[in-house]
Amino acid sequence: MASGLIGRLVGTKPSKLATAARLIPARWTSTGAEAETKASSGGGRGSNLKTFQIYRWNPDNPGKPELKDYQIDLKDCGPMVLDALIKIKNEMDPSLTFRRSCREGICGSCAMNIDGCNGLACLTKIQDGSSGTTITPLPHMFVIKDLVVDMTNFYNQYKSIEPWLKRKTPASVPAKEILQSKKDRAKLDGMYECILCACCSTSCPSYWWNPESYLGPAALLHANRWISDSRDEYTKERLEAVDDEFKLYRCHTILNCARACPKGLNPGKQIAHIKQLQR
Amino acid sequence: MGASKLSGMQKQVLSLYRGFLRAARSRPTEDRKRIEMIVSTEFRHNSKEVDRKNFQYIEYLLRLGTKQLDQLKSPDIVSLSSIKVVTSKT
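Residues numbered from 1 in each chain as written. Chains lettered and ligands numbered in written order. Predicted model: local features only at pLDDT ≥ 70, side-chain atom pairs only at ≥ 80, totals over all residues. Heavy atoms only, no water.

Where we set the bar: UniProt positions are given in the numbering used here, feature names are shortened, and annotations may be inferred rather than shown by experiment.
The name given to chain B in an unreviewed UniProt entry is Complex 1 LYR protein, with Arabidopsis thaliana x Arabidopsis arenosa as the source organism. Its UniProt record gives chain B the following Sequence similarities (unreviewed entry) comment, quoted word for word: "Belongs to the complex I LYR family. SDHAF1 subfamily."

In the nomenclature of an unreviewed UniProt entry, chain A is known as Succinate dehydrogenase [ubiquinone] iron-sulfur subunit, mitochondrial of Arabidopsis thaliana x Arabidopsis arenosa. Under the heading Subcellular location (unreviewed entry), UniProt records this for chain A: "Mitochondrion inner membrane". UniProt, in the comment section headed Subunit (unreviewed entry), describes chain A in these words: "Component of complex II composed of eight subunits in plants: four classical SDH subunits SDH1, SDH2, SDH3 and SDH4 (a flavoprotein (FP), an iron-sulfur protein (IP), and a cytochrome b composed of a large and a small subunit.), as well as four subunits unknown in mitochondria from bacteria and heterotrophic eukaryotes."

Shown next, in the form of structure tokens:
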């Protein structure tokens with residue numbers, strides 16, 4: 001990006017300013033100057049090339065999906081997989097399509113399968129070494145284009161557990177917050193952090209085989225979050241709503257969900273808590 | 001007499017087409033004709049262009065069509081229109 005700006009400055013300004021302009025990127029960032037030298041040397045001096053195999057499928061020219069190879073110089077790229085994807089999209093193939101937003105692991109948009117494990121592209125470091133990296137969309141999800149998958153079923157399942165506070169009696173002090181002790185608030189830790197990235201649900205084999213009927217670890221984690229909330233008064237109804245052969249009991253404690261979660265949560269544990277409450 | 005046994009996917013496509021025509025029926029005549037025209041040209045175009053064996057693409061189109069049908073059924077939606085886009089095969 002910086003090298004592009006340098007090129008424009010050098011092209012338009014007179015030569016006097018051009019030398020000054022060439023000095024500026026050296027002050028901005030060191031990588032800008034390095035990019036210049038790398039471009040001139042042709043990537044020969046100490047370049048660290050890595051091959052990325054990325055799943056591609058275009059609905060406008062539909063054929064068979066394929067894994068396309070892209071070579072990236074790791075010296076010229078940020079540490080995370082998302083940096084590599086953005087670099088490929090900017091410099092090599094603008095048609096590469098993927099979701100991304102916060103680039104810091106809080107939005108959950110860039111969830112994808114990297115080297116066989118589900119995770120967020122913005123939080124997964126590129127593995128150093130000559131072996132290639134395979135990037136595919138979240139497994140067993142319908143693909144809209146390249147790495148973008150259809151999340152509507154996942155969101156509908158989240159909606160179905162009614163993830164909002166429900167009360168039968170009005171608050172003790174009307175128009176003020178419903179009070180909750182620190183201990184009760186601590187019960188929600190490990191559940192409220194969920195960013196709905198779908199890494200856990202799409203890593204669960206039980207969810208692969210029954211995506212429409214089984215709610216999946218993410219929705220069940222949120223179901224437990226509302227069941228465990230001391231301010232919520234519909235606990236019994238919530239438990240009854242989930243108490244179903246398919247909605248809850250398709251979970252066989254495979255625990256792929258806990259392994260896949262990029263935020264370090266344990267949906268399997270929360271599901272076990274719901275099962276325990278069911279009597 | 002008639003066509004041989006239809007496959008599951010063919011039945012899905014036909015039921016989607018029927019769903020669109022039924023949704024069009026609940027609209028005023030002007031809109032109804034426009035919807036029927038758009039839907040029938042789209043389906044006929046795809047039936048000619050798309051390879052019968054290309055299951056992934058047909059399923060993709062079915063899902064897209066079902067979503068559009070759900071939108072059309074909602075009472076908030078006023079009408080349906082289409083634009084012709086020429087995609088350059090680069």
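## Observations regarding the sheet that holds strand 2 (residues 66-73) of chain A
All names here are of chain A. The condition is simple: Strands are labelled as partners when DSSP assigns at least two bridges between them. Counting from the N terminus, the helices are DSSP H or I runs at least four residues long and the strands are E runs at least two residues long. Note on geometry: axes are C-alpha line fits, over the in-contact stretch for helices, and angles between N-to-C directions span 0 to 180 degrees.
Taken in spatial order, the 5 strands line up as 2-1-5-3-4 in an open sheet, and their pairing is mixed. Of all strands in the sheet, those with a lone pairing partner are strand 2 and strand 4 (117-120), marking the two edges. Strand-to-strand twist across the sheet, computed as the mean angle between neighbouring axes with direction ignored, equals 30°. The pairing of strand 3 (residues 111-114) with strand 5 (residues 133-136) spans 2 bridges and is classified as antiparallel. Looking across to strand 5, one finds that asparagine 113 is bridged to threonine 136.

## Let's talk about the packing of aromatic side chains
Filter applied, for reference: Stacked, tilted and edge-to-face are the three classes applied to pairs of Phe, Tyr and Trp rings, where Trp contributes its six-membered ring and a pair requires centres within 6.5 Å; stacked means planes under 30 degrees apart, edge-to-face means over 60, and tilted covers the rest. Charges are assigned to positions over rings by a cutoff of 6 Å between ring centre and Lys NZ or Arg CZ, combined with an angular limit of 35 degrees from the ring normal.
All told, the structure shown has 7 aromatic pairs over all chains when counted by the stated rule. Here the aromatic rings of phenylalanine 20 of chain B and phenylalanine 43 of chain B are separated by 6.4 Å at their centres, their planes lie at 70°, and the arrangement is edge-to-face. Taken together, the residues phenylalanine 20 of chain B in helix 1 (residues 8-25) and phenylalanine 43 of chain B in helix 2 (residues 29-49) connect sequence positions 23 residues apart. Each member of the aromatic cluster is reached from another via a ring pair, and the members are Trp57 of chain A together with Tyr57 and Tyr60 of chain B. Over the ring of tyrosine 234 of chain A we find lysine 168 of chain A, and its NZ or CZ is 4.9 Å from the ring centre. One Lys or Arg, arginine 250 of chain A, reaches over the ring of phenylalanine 246 of chain A and ends 4.8 Å from the middle of that ring.

## Remarks on the pattern of salt bridges
All names here are of chain A. The line we're drawing: Whenever Lys or Arg places a side-chain nitrogen within 4 Å of a carboxyl oxygen from Asp or Glu, that contact is recorded as a salt bridge.
One pass over the structure, following the stated rule, counts 19 salt bridges over all chains. Aspartate 229 serves as the salt-bridge partner of arginine 225, at 2.9 Å between the closest nitrogen and oxygen. Within this structure, Arg56, Lys68, Asp93 and Asp146 form a network of salt bridges that share partners.

## Section: the packing of helix 8 (residues 216-227) of chain A against helix 9 (residues 235-242) of chain A
All names here are of chain A. Operational definition: Oblique is the label for any angle not under 35 degrees, not over 145, and not in the 65 to 115 range, which are roughly parallel, roughly antiparallel and roughly perpendicular in turn. By definition, turning the near helix anticlockwise from the far helix through less than a right angle yields a left-handed crossing, and turning it clockwise yields a right-handed one. Contacts are residue-level and defined by heavy atoms, with any inter-residue pair within 4.5 Å sufficient. Note on residue classes: Ala, Val, Leu, Ile, Met, Phe, Trp, Tyr, Cys and Pro are nonpolar, Asp, Glu, Lys and Arg are charged, and everything else, Gly too, is polar.
In the contact formed by helix 8 and helix 9, the axes pass within 9 Å of each other and the chain directions differ by 160°. It follows that helix 8 is roughly antiparallel to helix 9 by the angle criterion. Once helix 8 is placed against helix 9, the crossing between them reads as left-handed. Together, Leu220, Ala223, Trp226 and Ile227 of helix 8 and Thr235, Arg238, Leu239 and Val242 of helix 9 make up the contact between the two elements. Looking at side-chain class alone, the contact of helix 8 with helix 9 contains 6 nonpolar, 1 polar and 1 charged residues.

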